[in-house]
Amino acid sequence: MSGVIDPREPVLTVEHLSMRFGGLLAVNDLSFEVRRGDITALIGPNGAGKTTVFNCITGFYKPTEGRLTLAHADGARHLLERLPNHAVNRRARVARTFQNIRLFSGMTVLENLLVAQHAPLMRASGFTVLGLLGLGGYRAAERAAIERARLWLDRIGLTPRADDPAGDLPYGAQRRLEIARAMCTEPVLLCLDEPAAGLNPRESAELTELLRRIRADGTSVLLIEHDMSVVMEISDHVVVLDYGVKIADGTPGAVRTDPRVVAAYLGVEDEEVEAVEAEVGLVLPSAGAEA
Amino acid sequence: MADAMREGTARGAGLAEILRDAGLYALVTLGLCIPIVSYRTDLSQTSALDLTPRWGVVAGLCGAIFALRLVQRMVLLRRDARRALTPAPRQATEAVDATPNAGQRISGLALPLFLGAALALPLVAALASGGLGPARYWIDLGILILTYVMLGWGLNIVVGLAGLLDLGYVAFYAVGAYTYALLATTFGLSFWLCLPLAGLAAALWGMLLGFPVLRLRGDYLAIVTLAFGEIIRLVLINWVDLTGGSAGISSIPRATFFGIPFTAGPNGFAATFGLSFDAMHRNVFLYYLILALALITNGVTLRLRRLPIGRAWEALREDEIACRSLGINTTTTKLTAFALGAMFGGFAGSFFAVRQGFISPESFNFLESAIILAIVVLGGMGSQVGVAVAAIAMVGGPELLRNLGFLKAVFGEGFDPNEYRLLLFGLAMVAMMVWRPRGLISVRMPSVALTQRRGVSGALVREGHG
Ligand SMILES: Nc1ncnc2c1ncn2[C@@H]1O[C@H](COP(=O)(O)OP(=O)(O)OP(=O)(O)O)[C@@H](O)[C@H]1O
Ligand SMILES: [Mg+2]
């Protein structure tokens, strides 16, 4: 396993992932890769199965079939589908945010960021025993944790609100805080479920800036996003999902012009499909069957 | 319901509407009264039923309900009018009244005040009633209240911090009491050795309960913990060989002053310290013992809140799924909450056994769990001061009523407020739900601050889902 590691090697490899809910096949034999240092976007219409893929990667669902391999830069490999839910974050170092924000709303912004550093703080407090007795290096560890939190607060511009309850923040700030909280777990891979949803253009711009920064600092990003301007602007690689099946996979430019993608996104409105067909100069099998 | 009502009044309900509403209430009362109140049934000597009509009482009840409803609507109308003038600053969040009340504002002062009062109580009581003997009532009441304060603080870890609704807390109280009683009567171990053992045993049982209920949430968790409490009690009743069944365990060794017994003999406490013998010495000692135990519980809880485990408990209460996404093992986090809460229950239980000298399963029924839970909920979940105030109100309140002479004049000579305890509970609960749905102290103090520690409004703090 040792030796020179290709920086472009995949950090996450998804192979033949399927997830079935009763009679519904939400994800169907999906395979793709997230390369180290990339921002990879996972897009698709509503109900395509994107959040389900996230839930499988982060251990909230056990996939019906498939293999999810996470590779660390030091060569360590983790099979995510076999790890218990919390170990996906703690051991495999995959962090995530949620489509509907899940902050600890009754705790302060700072406390939210400290909860994210639970594992190292727990060790420093001697699994509570030493901390309770006031022994060991817990105080120093807590100061370091607060420093890290402060670093992220500065990055997301929330330092003045550090002592306010998270539930009191405006929506955009809550989204940024959730990302910062995930980053405080020092992930190798950060999975973001529609981080730009409900943001105004200025906040969207701030978000892309933040994501670029995260990528530059060496964390790979897997991003679900409906806002195409954000996707096209920052992603290095795009995977398109429709009805649980991968319909395209490539650079943003290539995916944008892929007729199947265009059809999947516009498929609901007939006139537009026709317009697209005319533009692309192609009669799509599905559209043709429906017509 | 409350929302609908407020909406109704906001639309500018007239007097006629209010009258009609009150009339409706009176009508419902009448409907309820006809089968229940209107005829009094007595068995006559010939064992036939004698029916005594009581339409006067019915009319009185209907009138009272009508008047009460009228007053309530009027008050609500006035309040809404006042609210309309000053819009709440934070409309986006849940509409729960969360402005800091007097109780919260003084809570900074409250701690030293309480501590001073608690420390001085035996002395003050002795001075005021002229001697330790006559002060016995007050000291015993203090012991009782402090026991509930401690139990409330113990349960607060499980319910208030971790957000796990536990209706069977008394089980751990029982485990602690029986552990001490059995160890002391069969092996003759001293109280100070048994105390940690009792705590450990209770913590173990807490884990045992924790494992099966980990996957349960909300109502299901409450039902299973309630059943667990009952199972423990039934085991205590039925395992006669070990526990003595419903007869309980008697002649449990009484408390000693670190080995020196509270007896009149030459080796007794009084003789050793050159005092004249007084049976109350033991009670005073027990008072300070439970005070110390309660303060330890409080100190440990306050410290735990500032440690990662305490923050993880609170995070668990706020959002379990987010916790797991951050690498927190929710299983062990819940188990530690159960175990630590149970441990303090066990300490309190062994204190109970050493104080009473006699225990039986009867002391550990569901009502005890309900009282302890009520203390936590009334106090404001998670608030240490609130729990202490609630314990004083819930346990000391009925006692206070007993001493009010004029109540006897009003309700007759035989009035015993203890008989109305459940009624008072109910009234207190309803009143709290109306005026302070988040408990007496609904503000949560953050465990850490970058610049300044500011209270978090109870409207934002979740109550847990399990
Ligand atoms: N726990 C579940 N049980 C049953 N069906 C589910 C479950 N989770 C998701 N589904 C179904 O799987 C399909 C994919 O859902 P998913 O939430 O993954 O879509 P999505 O791509 O994230 O959509 P959106 O863009 O609206 O967030 C949907 O039809 C959904 O109803
Ligand atoms: Mg989704």
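Not measured: the values here are computed from a predicted model.

About the criteria used
Residues numbered from 1 in each chain as written. Chains lettered and ligands numbered in written order. Predicted model: local features only at pLDDT ≥ 70, side-chain atom pairs only at ≥ 80, totals over all residues. Heavy atoms only, no water. Core = buried A, V, L, I, M, F, W, Y, C linked by side-chain atoms within 4.5 Å. Buried < 20%, exposed > 50% of the residue type's maximum accessible area, 1.4 Å probe, protein only. Helix = DSSP H or I, 4+ residues; strand = E, 2+ residues; numbered from the N terminus. Contact = heavy atoms within 4.5 Å. Domains from an automatic or database assignment. Phe/Tyr/Trp six-rings, centres within 6.5 Å; stacked < 30°, edge-to-face > 60°. Lys NZ or Arg CZ within 6 Å of the ring centre and 35° of its normal. Expected span 1.5 Å × (residues − 1). Salt bridge = Lys/Arg side-chain N within 4 Å of Asp/Glu carboxyl O. Near = heavy atom within 4 Å. Polar contact = N/O pair within 3.5 Å; in protein donor to acceptor, adjacent residues only side chain to side chain. Areas by Shrake-Rupley, 256 points an atom, 1.4 Å probe, with all protein chains shown as cover. Donors = N, O, S within 2.8 Å, 3.2 Å for Na, K, Ca; no water. Buried area = accessible area lost by both parts, 1.4 Å probe. Nonpolar A, V, L, I, M, F, W, Y, C, P; charged D, E, K, R; others polar.

(A) The arrangement of the nonpolar core in detail. Counting 147 residues, the largest nonpolar core has A:Leu177, A:Ile214 and B:Ile359 as its most contacted members. Element by element, the count of residues in this core is highest for helix α6 (residues 136-161) of chain B, at 15 residues. Beyond its immediate chain neighbours, meaning those up to four positions away, A:Ile214 contacts A:Trp152, A:Ile179, A:Met183, A:Leu190, A:Thr219 and A:Val221. Formed by 30 residues, the second largest nonpolar core is a distinct cluster that contains A:Val27, A:Leu80, A:Ala87 and A:Val88.

(B) Region of the structure containing the domain arrangement of chain B. Each assigned domain of chain B is listed with its residue range as follows: domain 1 (2-86) and domain 2 (127-402). Each of domain 1 of chain B and domain 2 of chain B has a C-alpha centre, and these two points are 43 Å apart.

(C) Quick look at the packing of aromatic side chains. On inspection of all chains with the given rule, the structure shows 15 aromatic pairs over all chains. Centroid distance A:Phe60 to A:Phe98: 5.9 Å. Interplanar angle 80 degrees. Geometry classified as edge-to-face. Of this pair, A:Phe60 sits in the loop between α1 (50-57) and β4 (65-71) while A:Phe98 sits in the loop between β6 (94-96) and α3 (109-115), and the two are 38 residues apart along the sequence. Across this residue pair, the class does not change: A:Phe60 and A:Phe98 are buried. Centre to centre, the rings of B:Trp205 and B:Phe228 are 6.4 Å apart; their planes meet at 50 degrees, and the pair counts as tilted. You can see B:Trp205 sitting in helix α8 (residues 191-213) and its partner B:Phe228 sitting in helix α9 (residues 218-238), a full 23 residues away along the chain. Members of the aromatic cluster, each reached through a chain of ring pairs, are B:Tyr169, B:Phe172, B:Trp205 and B:Phe228. Between A:Arg102 and the ring centre of A:Phe98, over which it is positioned, the NZ or CZ distance is 5.6 Å. Here the guanidinium or amino end of A:Arg181 rests over the ring plane of A:Phe104, the centre of that ring lying 4.7 Å away.

(D) Layout of helix α7 (residues 170-187) of chain B. Residues and elements named next belong to chain B. In a regular helix each residue adds 1.5 Å, so 18 residues correspond to 26 Å; α7 covers 25 Å between its end C-alpha atoms and thus fits that length. Most of α7 sits out of view: 15 of its 18 residues are buried. Glycine 188 lies just past α7 and shows a positive phi near 65 degrees.

(E) Representation of the pattern of salt bridges. A full pass over the atoms with the stated rule returns 22 salt bridges over all chains. Here A:Arg35 makes a salt bridge to A:Asp38, at a shortest N to O gap of 3.6 Å. The exposure class assigned to A:Arg35 is partly exposed, which follows from its relative accessible area of 28%. Exposure remark for A:Asp38: the relative accessible area of 3% places this residue in the buried category. The partner of A:Arg148 in a salt bridge is A:Glu186, and the shortest N-O contact between them spans 3.1 Å. Within this pair, whereas A:Arg148 is found in helix α6 (residues 138-156), its partner A:Glu186 is found in the loop between α7 (171-183) and β7 (189-193), the two being separated by 38 residues in sequence. On the accessibility criterion, A:Arg148 (29% relative accessible area) is partly exposed. Salt bridges sharing partners connect three or more residues here, namely B:Glu17, B:Asp21, B:Arg69 and B:Arg73.

(F) Local environment of the site of ligand 1. All names here are of chain A. Neighbouring ligand 1 are 14 residues; Gly47, Lys50, Thr51, Thr52 and Gln99 lie closest to it. Contact between ligand 1 and glycine 49: an oxygen atom at 2.9 Å from a main-chain N or O atom of the residue. Separating an oxygen atom of ligand 1 from a side-chain N or O atom of glutamine 99 is a distance of 2.7 Å. Computed on the free molecule, ligand 1 has an accessible area of 630 Å², of which 64% lies beneath the protein chains in the complex. In terms of residue count, the dominant contributor to the shell around ligand 1 is α1 (3 residues).

(G) Just the coordination of the magnesium ion (ligand 2), in detail. Residue and element names in this part refer to chain A. Thr51 (OG1) and Gln99 (OE1) make up the full set of protein donors to the magnesium ion (ligand 2), lying at 1.8 to 2.1 Å. Of this pair, threonine 51 sits in helix α1 while glutamine 99 is found in the loop between β6 and α3, placing the two residues 48 residues apart along the sequence. Classification of threonine 51 by relative accessible area gives partly exposed; the value is 25%. Of the residues examined, glutamine 99 reaches a relative accessible area of 36% and is grouped as partly exposed.

(H) Up close: the interface of chain B and chain A. Counting from both sides, the interface comprises 37 residues of chain B and, opposite them, 42 residues of chain A. Here chain B packs against chain A, burying approximately 3400 Å² in sum over the two surfaces, 63% of which is carbon and sulfur. The largest contributions to the chain B side of the interface with chain A come from B:Arg311, B:Leu326 and B:Leu450, which together make up 21% of the buried area. Note that B:Arg311 is salt-bridged to A:Glu142, the shortest N-O span being 2.6 Å. Scanning the region where chain B abuts chain A turns up 10 residue pairs in polar contact (both at pLDDT 80 or more). Sorting the residues of the side of chain B that touches chain A by element identifies α12 (280-305), α13 (308-318) and α14 (320-325) of chain B as the ones contributing at least two each. The biggest single contributor to the side of chain B that touches chain A is α13(B), with 7 residues. By residue class, the composition of the side of chain B that touches chain A is 19 nonpolar, 7 polar and 11 charged.

(I) Geometry of the domain arrangement of chain A. Residue and element names in this part refer to chain A. Here chain A is partitioned into domain 1 (1-93 + 187-251) and domain 2 (103-186). The distance between the C-alpha centroids of domain 1 and domain 2 comes to 25 Å. At the junction of the two partners, domain 1 supplies 21 residues and domain 2 supplies 14 residues. For the pair domain 1 and domain 2, the summed buried surface comes to about 1400 Å²; carbon and sulfur atoms form 63% of the total. For domain 1, the biggest contributors to the area lost against domain 2 are Arg90, Pro187 and Leu210; these three give 31% of the whole. Joining domain 1 to domain 2, the criterion identifies 2 salt bridges. For arginine 176, the salt bridge goes to glutamate 206, with nearest N and O atoms at 3.7 Å. Seen at the junction of domain 1 and domain 2, the total is 5 residue pairs in polar contact (both at pLDDT 80 or more). Elements with a minimum of two residues in the side of domain 1 that touches domain 2: α2 (85-90), β7 and α8 (201-216). Looking at which element gives the most residues to the side of domain 1 that touches domain 2, the answer is α8, with 6 residues.

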